[in-house]
Amino acid sequence: ERQWRALGAQDSVVVVEEEIDEAGEFEYASERSMGNKNEKTTTTTRDEYWKVSQEEEEVEEEKKKLKKKREGEREIELLCLLDSEKVKEELFQAPHTNGSNEGGEGQGGREMKSLAVTRGLVAFETLAFLATSFGLYFLPKEREYFVIFRVFYFPLIPLIAMLWLWGLNVAVWTQFRMNYLKVFEVEDRVILPCHDDVFKMAHISSLVVLGSSCFFLFCAVFDFQILAMRQAEFLYFVFVLLLLFPGDFIFGKQRRFLVSTLVRIAIPFSREVSFADFLLADVLTSLARPIADTAVVGCRIASSYTSVGVRFKHASEACNAHSWLYSIVLALPYLWRLIQCVKIYFATGEKPQLANAVKYFTAFPVIYFSAVKYHTTREAWLSFYKPVWIVSAVLNSGFSFYWDIARDWEFQLFSFGKSKTILRNDLVYSNKEGYKWAIVTNFILRITWTCKLSAQLRHMYGLSLVLSLLEIFRRFQWMFIRIEVALLKDLRKAYSALPK
């Protein structure tokens, strides 16, 4: 019985141990199976995640392709829209209509009379120009008269040339029936003159300057020094009176519009920047050197004197191209344009305006280091200031050229393979070679204009005058494409507002 009980106890122990072992194996198996299940679940979740990610990427790619396709379709529609009659009637119509189709024979008679008057004016201006040129050629360069002529008359040549070229701009737009007035504000469109009126203003200005220059050389021949000086000063008083004189005679509305626009540019916090404001401010940057030379003339006229010789000598020390006053006036057009860019940014939030402001800011180091040459030693200029000036000039020229091509003209020259053409698809003018010519000449003339701001050329008056005229020509051809881009922007804006 004891043995049986002992054997029974042993069997119970064995059974319990077997149960324990079976339970342990079951638990281990359960844990293993759960691990496998978790591993399978983790693998399934990872696969699903990558699958969803790939699907999202495919959806994004499809959206991009669809967006690009739609943009292409909209671009094609826009290009087709340029050929539609409705758009041509609105954007590409004669900008100035003065009822020229009415009047019959009377209108034709007035046109013939106007043509005869114009021919007479051109003949008189040609004779006066030839007389002035011969007089300057035979006038001794060492005489004081030549210096006075250069100081008083050279600054006016680029200003009048800009007026003539603006008239040519308007004439071409009118000939191509490009409604350039559409880019201006409504209140400005009724004031801007047609090309005939611009040419009349240019004729009047040219006649006044050429007549004064001929009389100056007449006084120089007979050594009428005081009379020559006084009539040269009187020339500037005449132009100031023409700008500020009240009344509607001699293009009174246009004169007041020009003065009011100049005041808004000089005091840029009066109202929001209009197209006329920034366009004229851009023109002033091209006329920066003639404006600074005109300021020198104003300084000389305003200077006190007891006699002509003493007064001119005193003014030469205070008012010349080497003074800080000259550099300050030279920088003012760039400062005005910079303020306009910042003001537009705060009004619209357009970030490219900040980059445009930086472009105009790069002109300040060029002007400053050019002026430093006359206020430091030769060793300091050659060792430090001149290399810094060269770097500043390269930066200003490169940035300005890039902005002209990529922003103002919206060409694809700097797209670097993203576009099949260096131009645009929506070209208004038919001659593509003209666009390429504009790109090349703009690059060359940008460099020459920056070099013209240098101190080395301030005493080379003849070369400085030629470079000023070349910059005027660059601005003249810049106008054609800039107005074209502004018209296309208006077209895109109006078309994007239509239902898709």
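Predicted model, so just to flag it, every value in this text is computed and none were measured.

### Some points on the overall build of the protein
Regarding its fold elements, the protein presents 18 helices and zero strands. Split into buried and exposed, the 500 residues of the protein put 39% on the buried side. Contacts spanning at least 24 positions in sequence make up 74% of the contacts within the protein whose residues lie at least 6 apart.

### Here we look at the confidence of the model for the protein
Interpretation of this model should avoid reading the predicted coordinates in detail wherever pLDDT is low. When pLDDT is averaged across the protein, the result is 78; 72% of the residues are at 70 or more. Between residues 98-107, whose pLDDT stays under 50, and residues either more than four places distant or in other chains, the model counts two contacts.

### Description of a negative patch on the surface
Together, Glu55, Glu56, Glu57, Glu58, Glu60, Glu61 and Glu62 line one region of the surface with negative charge. With respect to the secondary-structure elements, Glu56 resides in helix H1 (residues 2-82).

### Digging into the packing of helix H5 (residues 156-175) against helix H7 (residues 195-221)
The contact between H5 and H7 brings their axes to 8 Å, and the two run at 160°. In terms of axis orientation, H5 runs roughly antiparallel to H7. Crossing angle aside, the handedness with which H5 passes H7 is left-handed. Contact residues: H5 offers Leu156, Ile160, Leu163, Trp164, Trp166, Gly167, Leu168, Val170, Ala171 and Thr174, while H7 offers His195, Val198, Phe199, Met201, Ala202, His203, Ser205, Ser206 and Val209.

### Considerations on a nonpolar patch on the surface
Residues Phe215, Phe218, Val221, Phe222, Phe224 and Leu227 make up a contiguous nonpolar surface patch of about 600 Å² in total accessible area. Tallying contributions element by element places H7 first for the nonpolar patch, with three residues. For Phe224, a relative accessible area of 39% translates into the label partly exposed.

### Things to note about the nonpolar core
Ranked by internal contacts, the top residues of the largest apolar core, which has 39 residues, are Trp173, Tyr180, Phe184, Phe275, Trp409, Phe411 and Ile483. Considering each element in turn, this core owes the most residues, ten residues, to helix H18 (residues 461-496). With residues near it in sequence (within four places) discarded, Trp409 still touches Asp404, Arg424, Ala438, Ile439, Asn442, Trp478, Ile481, Arg482 and Val485. Within the second largest apolar cluster, 25 residues are counted, among which are Leu136, Ile148, Val151 and Cys219.

### Thoughts on helix H14 (residues 352-361)
In an α-helix, one full turn covers 3.6 residues, which means residues spaced three or four apart are oriented alike. Buried within H14 we find Gln353, Asn356, Ala357, Lys359 and Tyr360. For H14, the arc enclosing every buried residue in end-on projection is 150°, short of the 170-degree limit, so these residues lie on one face. In this structure, the buried side of H14 is in contact with helix H10 (275-286), helix H13 (324-348), helix H15 (363-372) and helix H16 (378-408).

### Topic: unusual backbone geometry
You will see that Phe251, though not glycine, has its phi angle at about 60°, which is positive. Along the chain, Phe251 turns up in the loop between helix H8 (225-244) and helix H9 (252-266). Within the chain, Glu410 stands out as a residue other than glycine whose phi angle is a positive 55°. With respect to the helices and strands, Glu410 occurs in the loop between H16 and helix H17 (432-452). The exposure class of Glu410 is buried, given its relative accessible area of 19%.

### Brief notes about the packing of aromatic side chains
Summed over the entire model, instances satisfying the criterion amount to 33 aromatic pairs. With 4.6 Å between their ring centres and 25° between their planes, Phe149 and Tyr153 make a pair best called stacked. Within this pair, Phe149 and its partner Tyr153 are both found in helix H4 (residues 144-153), separated by four residues, close to a single helical turn. Residues Phe149 and Tyr153 agree in their burial class; the two are buried. With a centroid separation of 5.2 Å and 70° between ring planes, the pair formed by Tyr368 and Phe369 is classed as edge-to-face. Over the ring of Trp403 we find Arg407; its NZ or CZ atom is 5.5 Å from the centre of that ring. The lysine or arginine in question, Arg475, covers the ring of Trp478, its NZ or CZ lying 4.5 Å from the ring centre.

### What about the packing of H9 against H10?
For the pair H9 and H10, the least separation of the axes is 10 Å and the interaxial angle reads 80°. Looking at the two axes, H9 sits roughly perpendicular to H10. Of H10, the residues touching H9 (which contributes Phe257, Leu258, Thr261, Leu262, Arg264 and Ile265) are Ala276, Asp277, Leu280, Ala281 and Leu284. In terms of residue class, the contact of H9 with H10 is made up of eight nonpolar, one polar and two charged.

### Here we look at the pattern of salt bridges
Going through the model one piece at a time under the given rule, you end up with ten salt bridges. Notably, a salt bridge pairs Asp277 with Arg264, separated by 2.9 Å at the nearest N-O pair. Placement of the pair is Asp277 in helix H10 and Arg264 in helix H9, with a sequence separation of 13 residues. The closest approach of N and O atoms between Glu410 and Lys489, which form a salt bridge, is 3.8 Å. A residue pair is termed long-range when its members are at least 10 positions apart, and Glu410 in the loop between H16 and H17 and Lys489 in helix H18 qualify at 79 residues. Three or more residues joined by partner-sharing salt bridges are found here, namely Asp404, Arg446, Glu471 and Arg474.

### Quick look at the side chain of Arg482
Locating Arg482 in the fold gives a position in helix H18. Filtering out sequence-adjacent residues up to four positions away, Arg482 remains in contact with Phe275, Phe278, Asp408 and Trp409.

### Thoughts on the environment of Trp164
Locating Trp164 in the fold gives a position in helix H5. When its relative accessible area of 26% is taken as the criterion, Trp164 is described as partly exposed. Each C-alpha atom, one on Trp164 and one on Val198, is 7.4 Å from the other, the two residues being 34 residues apart in sequence. Discounting chain neighbours no more than four positions away, the residues touching Trp164 are Glu125, Phe199, Ala202, His203 and Ser206.

### A closer look at the environment of Ile422
When you line up the elements, Ile422 lands in the loop between H16 and H17. Taking the C-alpha atoms as reference points, Ile422 and Ala406, separated by 16 residues in sequence, lie 10.0 Å from one another. Here Ile422 is in contact with Phe411, Gln412, Leu413 and Lys436, once residues within four sequence places are set aside.

Rules used in this analysis
Residues numbered from 1 in each chain as written. Predicted model: local features only at pLDDT ≥ 70, side-chain atom pairs only at ≥ 80, totals over all residues. Heavy atoms only, no water. Helix = DSSP H or I, 4+ residues; strand = E, 2+ residues; numbered from the N terminus. Buried < 20%, exposed > 50% of the residue type's maximum accessible area, 1.4 Å probe, protein only. Contact = heavy atoms within 4.5 Å. pLDDT = per-residue confidence, 0-100. Patch = residues over 30% accessible without salt bridge, like charges linked within 9 Å, V, L, I, M, F, W, Y side chains within 5 Å. Areas by Shrake-Rupley, 256 points an atom, 1.4 Å probe, with all protein chains shown as cover. Salt bridge = Lys/Arg side-chain N within 4 Å of Asp/Glu carboxyl O. Lys, Arg positive; Asp, Glu negative; His and termini not counted. Charge placed at Lys NZ, Arg CZ, Asp CG, Glu CD. Axes fitted to C-alpha atoms, helices over the stretch in contact; angles between N-to-C directions. Parallel < 35°, antiparallel > 145°, perpendicular 65-115°, else oblique. Left-handed = near helix turned anticlockwise from the far one by under 90°. Core = buried A, V, L, I, M, F, W, Y, C linked by side-chain atoms within 4.5 Å. Arc of directions from axis to C-beta. Phe/Tyr/Trp six-rings, centres within 6.5 Å; stacked < 30°, edge-to-face > 60°. Lys NZ or Arg CZ within 6 Å of the ring centre and 35° of its normal. Nonpolar A, V, L, I, M, F, W, Y, C, P; charged D, E, K, R; others polar.

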